[in-house]
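Architecture and fold: a report
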Amino acid sequence: MREQTSVVPDQSPAGPEQSPADPEQVSAVPDRSTLRLALVVGGLVLAVLLGFGLGRLNGGGPAGSVGRGSALADHTHAPGTGAHEHGADQDAAAEAAGLSVTSAGYTLAPVASSFTAGRPGELRFQVRDAQRRPVTRFAVVHDRPMHLIVVRRDLTGYQHLHPTMAADGTWSVPLTLPQPGVWRAYADFTALADDGRQTAVTLGVDLVAPGGYQPRPLPAPATSATVDGFTVGYQGTPQAGLTVPLTFRFGSAAGGTPTLERYLGAYGHLVALREGDLGYLHVHPEPQAVDGAVTFWVTTPGPGRYRLYLDFQVGGVVRTAEFTLTVP
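Report follows, based on the coordinates. (Residues numbered from 1 in each chain as written. Predicted model: local features only at pLDDT ≥ 70, side-chain atom pairs only at ≥ 80, totals over all residues. Heavy atoms only, no water.)

1. Some thoughts on the overall build of the protein chain
Looking only at helices and strands, one finds three helices and 17 strands in the protein chain. Going through the 328 residues of the protein chain one by one, you find that 37% of them count as buried. If you take every contact in the protein chain between residues at least 6 apart in sequence, the share linking residues at least 24 apart comes to 64%. Counting only carbon and sulfur atoms, one obtains 54% of the accessible surface of the protein chain, whose full area is about 18,300 Å². (Helix = DSSP H or I, 4+ residues; strand = E, 2+ residues; numbered from the N terminus. Buried < 20%, exposed > 50% of the residue type's maximum accessible area, 1.4 Å probe, protein only. Contact = heavy atoms within 4.5 Å. Areas by Shrake-Rupley, 256 points an atom, 1.4 Å probe, with all protein chains shown as cover.)

This is the structure we're talking about:
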C-alpha cells in the first residue's frame, strides 16, 4: 500500500552543515541522512502492518481459516446435483417426525380415538399450546392449514385428509377405518404465534378399530407401481442421513405421458413413513414439473424399510402410487 506511506521531508535551512563544537556530540546526534532513512523504513513497516490488519478484517487470515468470502461460506447446492448434507441443520432435518403427541410446545388432543372398523365416523381433535390453550392460528401450506395423514400400523390403508376448524380450535373430518387394527394419524401443520413466528410441526396419535388384526407383510421393494392404469416409476438412490432427489415419471395405459394437474399447489405430494416406529419423513417437492417428471427431496434418517405414498392428479382425480424403499 505504497500510497499510504508517509515520508517526513527535510525542513532544515539550505547551506553547508555546521559541525558541533563538542566532538562527543557527533556520536550522540545522528546526521540528517540517517534520520531520513530511518523515517522512510519506519513508514514502510507501518504500512505493511496496517495492510495485514485490514486484510484480516476483510476476511483474510491464516491458511485453513474460513472467512466470510471463502468458498465454504458461500457454498450452495443447485437442484438436481445429488445427495448433500449441511451439518447441524441437516441433522435436524433427518430426524423423523410424528413420533409423539407433543413436540415444539404443541400437543395433539383427540376428542375420541376409537372407531368401528368399516363404519363411517368422524375424527375430532385440537392442537394445544404449552399453556393447554387451543391453537386457532395456522399458516396455509400446500393450499391447506392442516394436512391429516392416516395409515394402519402395517402401512396399509393410507388416507390423506383435510379437516376443517371450528371457531374454538376444534378440527373435524369424516373418517372411516376400513379394517380392524391400530392406526396412526399425523397432524401436519404450521402454527402461527402471536408475534408472527411460524413453527412447522408434525404430531402423531394412535387410533384403534377393535377386531381381529391381521397385519399384511410389506410389499417387496420396487421402483415402479401401477394405479388405475397409470404407471409411475422413480429414479434416485436414498442414502441414510442425506437428502437425495427422487424423480417420478408417469405413463398411461394408452401410451404417452399423462398431463399432470396441480394438487395442493404442486404437481404431486409425497409422504414417506418408516417401518417399525412409523416415523414421518421430511419430503420437499420441486415447484415445477420438468418434461412431465416431478422431483422430491427425501431425507432418510437411517437404514431400514420405508413406504412412499405419492399423490398425483390427472383429469381432476387424485390417485396414490405406493412404493417400498430399502435404505441400506
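2. Notes on the sheet that holds strand E3 (residues 121-128)
Read across the sheet, five strands follow the order E1-E2-E3-E7-E6 without closing on themselves; strand pairing throughout is antiparallel. The open sheet has two edge strands with one neighbour each: strand E1 (102-103) and strand E6 (164-165). By the bridge criterion, two bridges tie E1 to strand E2 (residues 106-110) in an arrangement that is antiparallel. Its bridge partner lying in E2, Ser103 is registered against Tyr106. (Pairing = 2+ DSSP bridges.)

3. Some thoughts on the packing of aromatic side chains
Taken as a whole, this structure holds eleven aromatic pairs when the rule is applied. An angle of 85° between the planes, with centres 6.3 Å apart, marks the rings of Tyr106 and Phe189 as edge-to-face. Of this pair, Tyr106 sits in strand E2 while Phe189 sits in strand E8 (residues 181-192); the two residues are 83 residues apart in sequence, bridging distant segments of the chain. For Tyr106, a relative accessible area of 11% gives the class buried. When its relative accessible area of 2% is taken as the criterion, Phe189 is described as buried. Chaining the aromatic ring pairs together yields one cluster made of Tyr106, Phe138, Trp171 and Phe189. (Phe/Tyr/Trp six-rings, centres within 6.5 Å; stacked < 30°, edge-to-face > 60°.)

4. Brief notes about the sheet that holds strand E16 (residues 304-314)
Taken together, three strands build an open sheet; the order of strands is E13-E16-E17 and the sheet is antiparallel. Only two strands of the sheet have a single neighbouring strand rather than two, namely strand E13 (269-274) and strand E17 (317-327). In this sheet, neighbouring strand axes are inclined to one another by 20° on average, regardless of whether the strands run parallel or antiparallel. Bridge analysis of E16 against E17 gives eleven bridges, and the strand direction is antiparallel. Looking at the pairing, Leu310 lines up with Ala321 of E17. (Axes fitted to C-alpha atoms, helices over the stretch in contact; angles between N-to-C directions.)

5. Concerning the pattern of salt bridges
With the rule as written, the count across this model stands at nine salt bridges. Notably, a salt bridge pairs Asp195 with Arg197, separated by 2.8 Å at the nearest N-O pair. Here Asp195 and Arg197 have matching classes, each one exposed. Connected through salt bridges with shared partners, the residues Arg153, Arg184 and Asp206 form a single ionic network. (Salt bridge = Lys/Arg side-chain N within 4 Å of Asp/Glu carboxyl O.)

6. Details of the pairing of E2
Across a regular strand the side chains alternate sides, sitting on one face of the sheet and then on the other. Most of E2 is tucked away, with four of its five residues classed as buried. Taking the residues between adjacent antiparallel strands as the criterion, E1 and E2 are bridged by two residues, where Ala104 takes a positive phi near 55°. Where E2 meets E3, four bridges bridge the pair, whose relative direction is antiparallel. Bridged to Thr107 within E3 is Arg128.

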